[in-house]
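# Working through the structure, step by step
Here is how the chains run, residue by residue.
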Amino acid sequence: MAIIKTFELSKHFNNLEVLKHIDIQVDQNEIVVLLGPSGSGKSTFLRCLNGLEDITGGSFEVNGIHVDAKLPARQRKALIREIRQHTGMVFQQFNLYPHKTALGNVIEGLLTVKKMRKDEAVHIGERLLDRVGLSDKKDTYPSRLSGGQQQRVAIARALAMDPAIMLFDEPTSALDPELVGEVLSVMRELAQDGMTMLVVTHEMKFAREVASKVVFMADGVVVEEGSPQAFFDHPQTERAKKFLRQITEH
Amino acid sequence: MDLIFENLTFLLKGAYYTLLITVVSMFFGFIIGVIVALARLKGNRLIRGLARIYVSIIRGTPALVQIIIVYYGLVDYGITLGPLTAAYVALSINIGAYLSETFRGAIQSIPKGQTEAAYATGMTPWQTMRRIIFPQAARVAIPPMGNTFIGMLKETSLVSVITVTELLRSAQLLVAQYYVYMPFYLSIAVMYWIMSTVFSSILNYVEKRLSKAY
Ligand SMILES: Nc1ncnc2c1ncn2[C@@H]1O[C@H](COP(=O)(O)OP(=O)(O)O)[C@@H](O)[C@H]1O
Ligand SMILES: [Mg+2]
C-alpha cells in the first residue's frame, strides 16, 4: 500500500523550475532514500509533501489524502493540515523550540494539535524520549544538549504525532562526525520497527544497509531508482556514476 | 529647601500623575503595538498599508504636535477630551507606533525553522504564533520595551502644555506662585532621575533573568 505517491509533481520558484514532473512512490514499511547532488531539489520535494512549499503542478497523495495543484488554495490548506497530522518531519537544523525542555518539545503537538490531557501527553513523551535514549534529559533545554541529542529529541517530537511516515531532510548533515552515529542508530531502530521513512541523506552506508529503495535525483528530475545494491554496484546513468564517484572521493 | 518640603506633597502628586500617564499609555500602547505589528506581518495589502502609514505618520511627527492635535484639534470635530484623557489617547497612539516596530522586529528575528517545525506537527498559524513565536519574541522585545517605558516617563512632561498637572506642570505652578525657579526645577529633575534609575535597574534585573532562563 502506498503511503506516498506523487503524480508529475512539479514546483517552480518564480522562473526557477526546481521539480519537474516527479513520480515517486513510498509503500508502507518501506525506507526510501533520496540521493542527489546539492541543489537538485531534494529538500523542496520533501517540503512539498507536507505543504511547507506549495506545489505548482501535478498532484500527490499522502496516507490517502490527495492534493492537486489545481485545487483552490483554501481547500488545499485544509488537506495539508490533515496531511501534517500524519507525517513527521526531521530537519537538518533540528529546529527544536529553545524555550521548551526536551519533554516540552515532544509533547507540544500532543497538547495543541491533539488537545491531549497533560498527563497523558507527558506519559507518551517520556516513552518516546526513552525510545531515543534520552529519558534522563527530559527536563533539559535544547541549548544544553549536544547536536546529536537535539536531533534525537526532534525525532521523538515528530514521532509523538504517531505519523504514518517520517520525512528526514539530511538529519545528520549539521552534526559533528562523532555524533552522526547516535542519530543513525535511532533511525535504524525506527526502520526495524516498521516505520515508513523517506530519507534525504549523504550517509551512503546507511542508504546501502537500510534502504528498501534508492531514488537518485538531479536537476529536479528522477534520474534513476532501484534497490541499493543495483544503484550502488551497477549505476545505469552517467549522472549517477559521476555522483557516486564524487561521494566516494571524500 | 523649605519651599520644597512645604510643597512636597504637591510635587509628589505630580510625580504620581507622571507615573500614571506612563503606565496607562504603555498599557494601551502595548495592545496597539501588538495589533499593528501583526497587521503589518500577517495582514492583507490594505491592512499592511494602513498599518505602515500609521507608523510612518507617528514616527515622522513630533509627539508634542500629536498631543496638541488630540486635545485642541479634535474639538473642531466635536470631540472634546479632558486633558488627562487626551494625554492617554495621544501617548498611547504614540507609543503604539514605536512598540509595533519593536514587536515586528522581534517576531521577525525568530528563525523561520521555528514556524516550519510547528507547522510540520500540524499546528495552525495562530497556535504557532501563540505557543512558539510570541514566547521567544517576548524575550527579544522586553529590553527595548523597557527603554521605551523609560523614554515615555520623560516624554510625559510634554502633556504639561495641555494643562495636565504632571511633574513638570506642578513645578511650573509653584514657580508661578513663589517666583523662584531653580529649587523646583532641580527637585523635579531629581525626581525624574530617581524614577528612571529605579526602572532601569528593574529592567537590568529582568534582562539578566531572561538571559539565563534557557
Ligand atoms: N524558497 C526558495 N526560493 C527560491 N529558490 C529556492 C527556494 N528554495 C530552494 N530554492 C532553489 O531550489 C533549488 C533546489 O533546492 P533544494 O530543494 O534545497 O535542493 P537540495 O535539497 O537537493 O540541495 C536550488 O536551486 C535552490 O536555490
Ligand atoms: Mg537540501
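Residues numbered from 1 in each chain as written. Chains lettered and ligands numbered in written order. Predicted model: local features only at pLDDT ≥ 70, side-chain atom pairs only at ≥ 80, totals over all residues. Heavy atoms only, no water.

By the naming in an unreviewed UniProt entry, chain B goes by Cystine transport system permease protein and is assigned to Paenibacillus sediminis. For chain B, the Sequence similarities (unreviewed entry) comment in UniProt is given as "Belongs to the binding-protein-dependent transport system permease family." Under the UniProt heading Subcellular location (unreviewed entry), the entry covering chain B gives this text: "Cell membrane". (UniProt positions renumbered as here; feature names shortened; annotations may be inferred.)

In the nomenclature of an unreviewed UniProt entry, chain A corresponds to Cystine transport system ATP-binding protein from the organism Paenibacillus sediminis.

Our next topic: the overall build of chain A. Counting its secondary structure elements, chain A contains 9 helices and 11 strands. For chain A, whose C-alpha radius of gyration is 18 Å, the value lies close to the compact-globule estimate of 18 Å for 250 residues. Along the first, second and third principal axes, the C-alpha atoms of chain A reach 55 × 45 × 35 Å. Buried residues in chain A amount to 55% of all 250 residues. Carbon together with sulfur atoms contributes 46% to the accessible area of chain A, which is approximately 11,100 Å² in total. Side-chain charges in chain A split into 31 positive and 33 negative, and the spacing between the mean points of these groups amounts to 5 Å. (Helix = DSSP H or I, 4+ residues; strand = E, 2+ residues; numbered from the N terminus. Rg over C-alpha atoms; globule rule 2.2 N^0.38 Å. Buried < 20%, exposed > 50% of the residue type's maximum accessible area, 1.4 Å probe, protein only. Areas by Shrake-Rupley, 256 points an atom, 1.4 Å probe, with all protein chains shown as cover. Lys, Arg positive; Asp, Glu negative; His and termini not counted. Charge placed at Lys NZ, Arg CZ, Asp CG, Glu CD.)

Right, let's get into the UniProt feature "transmembrane region" (unreviewed entry) in chain B. Residue and element names in this part refer to chain B. Look at the UniProt record and you will see "transmembrane region" (unreviewed entry) annotated at residues 15-41, 53-74 and 80-99. Overall, residues 15-41 shows 100% helix and 0% strand. The separation of its end C-alpha atoms is 38 Å. As annotated, residues 53-74 comprises 73% helix and 0% strand, and the C-alpha atoms at either end are separated by 20 Å.

Residue and element names in this part refer to chain A. Around ligand 1, a shell composed of F13, L16, V18, P37, S38, G39, S40, G41, K42, S43 and T44 is seen. Between ligand 1 and the protein, one listed contact pairs an oxygen atom with a backbone N or O atom of S40 at 3.2 Å. Note that an oxygen atom of ligand 1 is positioned 2.8 Å from one of the side-chain N or O atoms of K42. Protein contacts shield 59% of the accessible area of ligand 1, which totals 560 Å² for the unbound molecule. Among the secondary structure elements, those contributing two or more residues to the shell around ligand 1 are strand 2 (16-22) and helix 1 (42-49). Top element by residues in the shell around ligand 1 is helix 1. It accounts for 3 residues. (Near = heavy atom within 4 Å. Polar contact = N/O pair within 3.5 Å; in protein donor to acceptor, adjacent residues only side chain to side chain.)

With that settled, the discussion passes to the packing of helix 3 (residues 102-112) of chain A against helix 7 (residues 125-155) of chain B. A pair of packed helices is captured by two measures, namely the crossing angle of their axes and the spacing between those axes. Running from N to C, helix 3 of chain A and helix 7 of chain B cross one another at 145°; their axes reach a closest spacing of 12 Å. Along this stretch, helix 3 of chain A crosses helix 7 of chain B, giving a crossing that reads as right-handed. Residues E108, L111 and T112 of chain A of helix 3 of chain A pack against Q127, R131 and I132 of chain B of helix 7 of chain B. (Axes fitted to C-alpha atoms, helices over the stretch in contact; angles between N-to-C directions. Left-handed = near helix turned anticlockwise from the far one by under 90°. Contact = heavy atoms within 4.5 Å.)

So, about unusual backbone geometry. Residue and element names in this part refer to chain A. Here E8, not a glycine, exhibits a phi torsion of approximately 50°, which is positive. With respect to the helices and strands, E8 occurs in strand 1 (residues 2-13). With a phi angle near 65°, F94 is a residue other than glycine that sits in the positive phi range. Looking at the secondary structure, you find F94 in the loop between strand 7 (87-90) and helix 3.

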